[in-house]
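Reading the structure
In case you want the letters, here they are:
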Amino acid sequence: MSIHSSINVAGEKTDDALFMNQYMDVLSLVERLHRLLLDVIKDEFERVGILEINPVQALLLFNVGENEVTAGELKSRGYYQGSNVSYNLKKLVDMGYMHHQRSEIDRRSVRVRLTDKGEEVCAVVNELFGRHAVGLQAKQILTSDGVEGMSTSLRRVERYWADQIRYIY
């Protein structure tokens, strides 16, 4: 019997089946939240007249922030997949949002950092997230304890999934 259909003699779902349903709801919610976040960023950029970059590129600029990084560092932080980050970094460099420089030691490695134009986009995203934080607290949608609890739970799931990738084979 699969975990989806674990039913006891009284015809009730077992704890395993209930947990599985809850876990599937959480996975669906995480996916929807990510897509919604991208839509929120897209709407904000349309509102302020930034139309040449997409929400994924805006998040990439935000995640780089004041740092100078390589594509590999962005991938290892878990933000992006390889082809996605390489493509978007190239586009952002071509559009003048990022500087890039080849490493003197390893010519294959390229370090990137934001240009003034990229910093402006980063500031727009930062202001948007700041307004969200204020609004979520003011409307009592989230508390500091609630955010801390979610963060702890999501980090545990992140570690579990990472361990599955590293140690499953």
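Our structure is the block above this text.
Notes on the structure in this doc start here. Since the model is a prediction, treat every value here as computed from it, not as a measurement.

It is at 11 Å that the axes of helix 1 (residues 15-48) and helix 5 (residues 116-138) come closest, and there the two elements cross at 115°. As helix 1 runs across helix 5, the sense of the crossing is right-handed. Note on element contacts: helix 5 touches helix 1 through Val-121, Val-124, Val-125, Leu-128, Phe-129, Arg-131 and His-132, opposite Leu-37, Val-40, Ile-41, Glu-44, Phe-45, Arg-47 and Val-48.

What follows covers the nonpolar core. Core analysis: the largest hydrophobic core is formed by 25 residues, its most contacted members being Phe-45, Ile-53, Leu-60, Leu-61, Met-98 and Val-121. Of all the secondary structure elements, the ones that give two or more residues to this core are helix 1, helix 2 (55-64), helix 4 (82-94), strand 3 (110-114) and helix 5.

All right, on to the pattern of salt bridges then. Counted under the stated rule, the structure contains nine salt bridges. With a shortest N-O distance of 3.8 Å, Arg-111 and Glu-73 are connected by a salt bridge. Linking Arg-111 in strand 3 with Glu-73 in helix 3 (residues 71-76), this pair joins segments that are 38 residues apart in sequence. Glu-73 sits in the partly exposed class, given a relative accessible area of 29%. In the salt-bridge network here, residues are joined through shared partners; they are Glu-68, Glu-73, Arg-111 and Arg-113.

Moving on, we get to the sheet that holds strand 3. Judged by pairing direction, the sheet is antiparallel, and its three strands sit side by side in the order 1-3-2 without closing on themselves. Pairing within the sheet leaves two strands with one partner each, and these edge strands are strand 1 (69-70) and strand 2 (98-102). Here strand 1 runs beside strand 3; their pairing, made up of two bridges, is antiparallel. Residue pairing across strands places Thr-70 opposite Arg-111, the latter belonging to strand 3. On the sheet, helix 2 packs against strand 1, strand 2 and strand 3 and is oriented at approximately 65° with respect to strand 2.

The phi dihedral of Gln-140 falls on the positive side, at around 55°, and the residue is not glycine. Of note, Gln-140 is situated in the loop between helix 5 and helix 6 (144-167). Residue Gln-140 is classed as exposed on the basis of its relative accessible area of 69%.

It is worth spelling out a nonpolar patch on the surface at this point. On the surface, Val-26, Val-30, Val-147, Met-150 and Leu-154 cluster together to form a nonpolar patch covering roughly 400 Å² of accessible area. Of all the secondary structure elements, the ones that give two or more residues to the nonpolar patch are helix 1 and helix 6.

Attention now moves to the layout of surface pockets. Each pocket or cavity is described by its volume, and for the largest pocket that value is around 2,400 Å³. Broken down by element, the residue count for the lining of the largest pocket peaks at 13 residues, all from helix 6. When the residues that make up the lining of the largest pocket are grouped by side-chain class, the tally is 25 nonpolar, twelve polar and five charged.

Conventions and cut-offs
- Residues numbered from 1 in each chain as written.
- Predicted model: local features only at pLDDT ≥ 70, side-chain atom pairs only at ≥ 80, totals over all residues.
- Heavy atoms only, no water.
- Axes fitted to C-alpha atoms, helices over the stretch in contact; angles between N-to-C directions.
- Helix = DSSP H or I, 4+ residues; strand = E, 2+ residues; numbered from the N terminus.
- Left-handed = near helix turned anticlockwise from the far one by under 90°.
- Contact = heavy atoms within 4.5 Å.
- Core = buried A, V, L, I, M, F, W, Y, C linked by side-chain atoms within 4.5 Å.
- Buried < 20%, exposed > 50% of the residue type's maximum accessible area, 1.4 Å probe, protein only.
- Salt bridge = Lys/Arg side-chain N within 4 Å of Asp/Glu carboxyl O.
- Pairing = 2+ DSSP bridges.
- Patch = residues over 30% accessible without salt bridge, like charges linked within 9 Å, V, L, I, M, F, W, Y side chains within 5 Å.
- Areas by Shrake-Rupley, 256 points an atom, 1.4 Å probe, with all protein chains shown as cover.
- 1 Å grid on protein atoms, 1.4 Å probe; cavity = no way out; pocket = protein on both sides within 12 Å on 5 of 7 lines; lining within 4 Å.
- Points joined across faces, edges and corners; volume = space filled by probe spheres on them.
- Nonpolar A, V, L, I, M, F, W, Y, C, P; charged D, E, K, R; others polar.

By themselves, these are just geometric observations and shouldn't be taken as functional.
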